[in-house]
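Survey of secondary and tertiary structure
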Amino acid sequence: MNFDRRNFFKTVCVAGATLAVGNSFGAVKPDKNTIEFQGVLYDSTRCLGCLACERVCAKAHELPEPKDELKAGVIRKTSEKQRSVINNYVTSKGEVFVKKQCMHCNEPACAAACLTQAMYKTKEGPVVWRGNKCMGCRFCMVSCPFDVPKFEYHSANPKIEKCDMCYDRIKAGKIPACAEACPGDALTFGTRRELIAEARKRIFENPKDYVNEIWGEQVAGGTGWLYLSSAPFNEVGFNTKLQNSSYPELSKGFLYTVPSVFVLLPPLLLGIHEATKNRNHSNDEENE
Amino acid sequence: MDGFTYHNIFETKGIEYLAIIAFFAILIPFWIVLNRQVRMTKQLQKRLGILTANMLKIPQGIFFSKNHMWTHLDSKGIAKVGADDLLMHLTGKVKFSKLRKPGEIVQKEDLLAVINHNEKQLKIVSPISGEIISANQILQENPEILNDDPYQKGWMYKIKPSRWIAETSTCYIAEEATGWSVKELERFKDFLATSVERYTPDPSNIILQDGGELIDHTLSELPDEVWQDFQHSFLGTKPKYPHFRGLEKSGYEPEYF
Amino acid sequence: MNKQAQTIAKDNDGGSIFKFILSELKPKGRILTPFNIIAIPIILLGIVLIVIRFVNGIGSITNLSQDTPWGLWIGFDVVTGVAFAGGAYVLTFMVYILKMEKYRSIVRVTVLNGFLAYLFYAGALLLDLGRPWNVVNPIIGNSFGTSSVLFLVAWHFLLYMIAELIEFSPAIAEWLGTRRARKVLAGLTMGAVIFGITLSTLHQSGLGALFLMAKDKIHPLWYSEFIPIMFLVSSVFAGLSMVIFEGSISHKVFFNQISEKNHKAQSGILQGLAKICAGAMFAYFFLQLLVFIHSKNWDLLNTPMGYWFLFEMIGFVLVPMLLYLYSYRTRNIFLIRLAAILTMLGIILNRLNISVIGFKWDAPVHYYPSWMEIVVTLTVIFTEILIFRWIINRMPVLRDSPAWVEEEH
């Protein structure tokens, strides 16, 4: 089923992509050897609110099954026991179901922040947490603009819980559990390039159903999880004030200056030391 | 940064930090080598006996008069006088003969003593006026103290000054003294250039090292005429000592006390 | 404190080092001093809480949440504590590089304070980590997260502690009577000082750079891309104010160790430090003004957080700056000390505003530290003071070095 879908995409999207993407990106063609980011496209208009994705996710990651029910307007959050959550938002366009989990940013703040590389951006796209390296400093939590990583505050050996796009399943050739389980086809797995093309296609074909924006195309420098919504994104729990450039860029200025300071400051100090040496030592030096 | 493939803006940071560690590792020996050069040159200079300004001892807080005498007032109001380090470096090892007794009154630039190297003499005049309190006895037996420690053990006379402030106002002190010494060495080189031509057959290897630097104890191998020239032209001393003035020309030699 | 009862310690001279250290481990003087009476119960309680923390997880004794992962331990113990330890790098710069001999008598105690501060605040950091045993990972290479500002800060802490230990080690060598070791260590001082100043510059600003990625979470009046520079400049007067504060206390407590000459020099030193602080705070205030103009946050001033911002800037930067200026001009030692305390409160306020109070200031539930977090913080501080006192009472830090040390300066 998946392969048919993918082949179908490839034929349709090459045409659509060349139109939509070709102009802006010029003649950049992906090298056959370069691994491209993969991601998931979530279409809220297709979501039934059945919570199958939540149950499958909990099962696949040995977490307790969520027991509470969806209620309109009541916001549920991800936690150290739940990696993915569906909420029922009351918006100007009626009730909209939206799934929330890690956005798998192109340039993740958490991976840039992690001093042990426990938070790691894989070449295939998913951002994973590698527990053997983590020291529990929670700097990733401070840096993530989406507040995604959740910490086990009540464990003696705490871990960080967040969606990892079922990375081990992807490596084994399968697709994420939620994408596989979704009965309404709300979740589509593919390369980011293909998904953006598909999303654009859907907006183009049904402009009345969608807000004319793919959330995740540009926010935080682009994310691996993309969203289509019928209601404006700030009404469905997204912070639209986030910047469109990546968050690690914010600390780039400081980190790029560090080597220069390291190289320039010691000679400067040595120079001042030499220059002031004779002030008190002119008598001592002749006696040497 | 196309948004579809892996791109790390901090890719080179690891190598940069390693380069910084290498930088520090190289900086330490680099700095040591840079400094060692300088220190070695100084030691070389001393060993070869080259006389340069930064070899001179110039203690702060002591007054220097134009004829290279120093004076220092102690807490009890008694001044010590002596010859400065530059003068002693120029003359080399000398014998000291004092000419004054305690109780005598001297004026500024009066003759106090004579130092001599074999037949060559240099008159020592007083930088201040006052009453002679005592003379330094150890200089009779151990005149080399004048070269080794001209400012402390090598004091020549203790004088009770009568016009301290007025007379020391024309003296050099502290940083001025340092700058003045440097200039005096240059002036001495010029003096030598003219004086020595007249009196020595082959001046260059007696006075100057390669590079035009003076050798230490410059005057010691030079003839008496250069010493006299040094006294009159360079130091500018015309000592005022009424009794001896006439005797100078007749080559009178004072007795050793 | 009973001044007469404390005898001045003697250094080891030629005796066996092992026996000497054993004899020095015994407590000197009274056990039941006022400080001990307050500190020891708190330390014991703190140890109990720390055990609970390791058994049941951080959440069992703190109020940290998924929205506010950093609280008092990071915001106060680590970030503010390191700012106060900045006196060490400023003072070593002044004495060893600029050759301001006037301050040489307080360099050793300041370096000791800096070393102990970093040691204990690194310890407090270990308590805050979820998996402290993995703290060796960024050091041994599992893996080197070179893209992280925290990686830089962590390494700098380690290297700086080593540099400060080298700077302080001549005192230990003098105490143990090892003359050759002292000579070798004294030769390393200049290198350690230069290394230490470079490291300090980078990690004081680095602590500020930690918050750069949290752009949307910190209140705009405190967040700017200039946070690292502000942290660096404020660490100068934070450190010096701590030197004034701690120096005033040590001077009274360890009165009979300090030589006559150093007693007389005390007020001159305080005045000099006050002058430097006034200058640094003047620059810092205008830096803040510049950044404020640059961010165009004028309308934010008329909000509760705006008033809080003005309270911090005017009440705890401008006022102590003027107080330092006035007390320097009038040679008023009491006012200098008052200005130091105000400045230190201002630094605590500033660091907490950025890391805790201004962090997610618009969240529905605000973070505040639990009493247990406060007790653990006090445990760390009191233990540090106890170690400090132990060292001062034995090693030649405040008192003069043993006679065999030739003054090479």
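Residues numbered from 1 in each chain as written. Chains lettered and ligands numbered in written order. Predicted model: local features only at pLDDT ≥ 70, side-chain atom pairs only at ≥ 80, totals over all residues.

1. Remarks on the nonpolar core
Using the following cut-off: Working definition: the nonpolar core is a set of buried Ala, Val, Leu, Ile, Met, Phe, Trp, Tyr and Cys residues, joined through C-beta atoms within 7 Å. Three exposure classes are used. Buried residues have 20 or more other C-beta atoms within 10 Å of their own C-beta, exposed residues have 12 or fewer, and partly exposed residues fall in between, all C-beta atoms being placed from the backbone. Each domain span listed reflects an automatic or database assignment of domains.
Membership of the largest hydrophobic core comes to 184 residues, with the highest contact counts inside it found for Leu-226 of chain A together with Leu-150 and Tyr-324 of chain C. Domain assignment of the residues forming this core places at least three in each of domain 1 (35-244) and domain 2 (246-275) of chain A.

2. Topic: the interface of chain C and chain A
Selection criterion: Whether two residues are in contact is decided by their C-beta atoms, placed from the backbone, lying within 7 Å. Each helix is a run of DSSP H or I of at least 4 residues and each strand a run of E of at least 2, with the numbering of both proceeding from the N terminus. Here the term charged refers only to Asp, Glu, Lys and Arg, the term nonpolar to Ala, Val, Leu, Ile, Met, Phe, Trp, Tyr, Cys and Pro, and the term polar to all other amino acids, Gly among them.
Between chain C and chain A, the residue contacts involve 46 residues of the former and 52 residues of the latter. Elements represented by at least two residues in the side of chain C that touches chain A include exactly α2 (34-56), α6 (137-140), α7 (149-176) and α8 (179-209) of chain C. At six residues, α8 of chain C tops the list of elements feeding residues into the side of chain C that touches chain A. Classifying every residue of the side of chain C that touches chain A by side-chain character gives 24 nonpolar, 15 polar and seven charged.

3. Focus: helix α3 (residues 52-60) of chain A
All names here are of chain A. Along α3, the residues that are buried comprise Cys-53, Glu-54, Val-56 and Cys-57. Elements that come into contact with the buried residues of α3 comprise β2 (85-91), β3 (94-100), α7 (177-181) and β8 (187-191). A positive phi of about 55 degrees marks Glu-62, the residue just after α3.

4. Re the interface of chain B and chain C
Interface size, as often reported, equals the accessible area lost upon joining of the parts. Between chain B and chain C, the contact holds five residues from the first and four residues from the second. A class-by-class count of the residues in the side of chain B that touches chain C yields three nonpolar, one polar and one charged.

5. A few points about the environment of Val-380 of chain C
Residues and elements named next belong to chain C. The topology assignment puts Val-380 in helix α13 (residues 371-392). Looking at Val-380, the number of C-beta atoms within 10 Å reads 20, which means it is buried. In the structure, Val-380 is positioned 45 residues away from Leu-335 in sequence and 30 Å away in space, judged by C-alpha atoms. Sequence-distant contacts of Val-380, defined by excluding residues within four places in its chain, comprise Asp-77, Phe-120, Gly-123 and Ala-124.

6. With respect to the sheet that holds strand β3 (residues 69-73) of chain B
All names here are of chain B. Spelled out, the test is: Paired strands are those between which DSSP finds at least two bridges.
Read from one edge to the other, the open sheet built from six strands follows the order β2-β3-β4-β10-β9-β6, with strand pairing classed as antiparallel. At either margin of the open sheet sits one strand with a lone partner, and together these are β2 (63-64) and β6 (105-106). Sheet topology places β3 next to strand β4 (residues 79-83); five bridges connect them, and they run antiparallel. Each residue of the ladder has a partner; that of Trp-70, found in β4, is Gly-82.

7. Regarding the sheet that holds strand β7 (residues 111-117) of chain B
Residues and elements named next belong to chain B. To keep it simple, the criterion reads: Helix axes use the C-alpha atoms of the stretch in contact, all axes being lines fitted to C-alpha atoms, and the angles between their N-to-C directions lie in the range 0 to 180 degrees.
The sheet built from three strands is open, its strands ordered β5-β7-β8 with antiparallel pairing. Only two strands of the sheet have a single partner each, and these edge strands are β5 (95-98) and β8 (120-125). Here the strands of the sheet are splayed against their neighbours by 25 degrees on average, with no regard to which way each runs. Two elements, β7 and β8, share six bridges in a ladder whose sense is antiparallel. Note on β8: the bridge partner recorded for Ala-113 is Ile-124.

8. Observations concerning the pairing of β8 of chain B
Extensive coverage of β8 of chain B is indicated by the burial of five of its six residues. Counted between consecutive antiparallel strands, the loop separating β7 of chain B from β8 of chain B contains two residues, among which Asn-118 of chain B sits at a positive phi close to 55 degrees.

9. Examining the domain arrangement of chain A
Domain boundaries assigned for chain A yield domain 1 (35-244) and domain 2 (246-275). Here the C-alpha centroids of domain 1 of chain A and domain 2 of chain A sit 38 Å apart.

10. Digging into the pairing of β3 of chain B
Residues and elements named next belong to chain B. Of the pairings in the sheet, the one linking β2 to β3 comprises two bridges and is antiparallel in character. What sits directly across from Phe-63, in β3, is Thr-71. Between the end of β2 and the start of β3, which pair antiparallel, lie four residues, with His-68 showing a positive phi angle near 60 degrees. Counting the residues between successive antiparallel strands, the hairpin from β3 to β4 contains five residues, one of them, Gly-77, with a positive phi of roughly 90 degrees.

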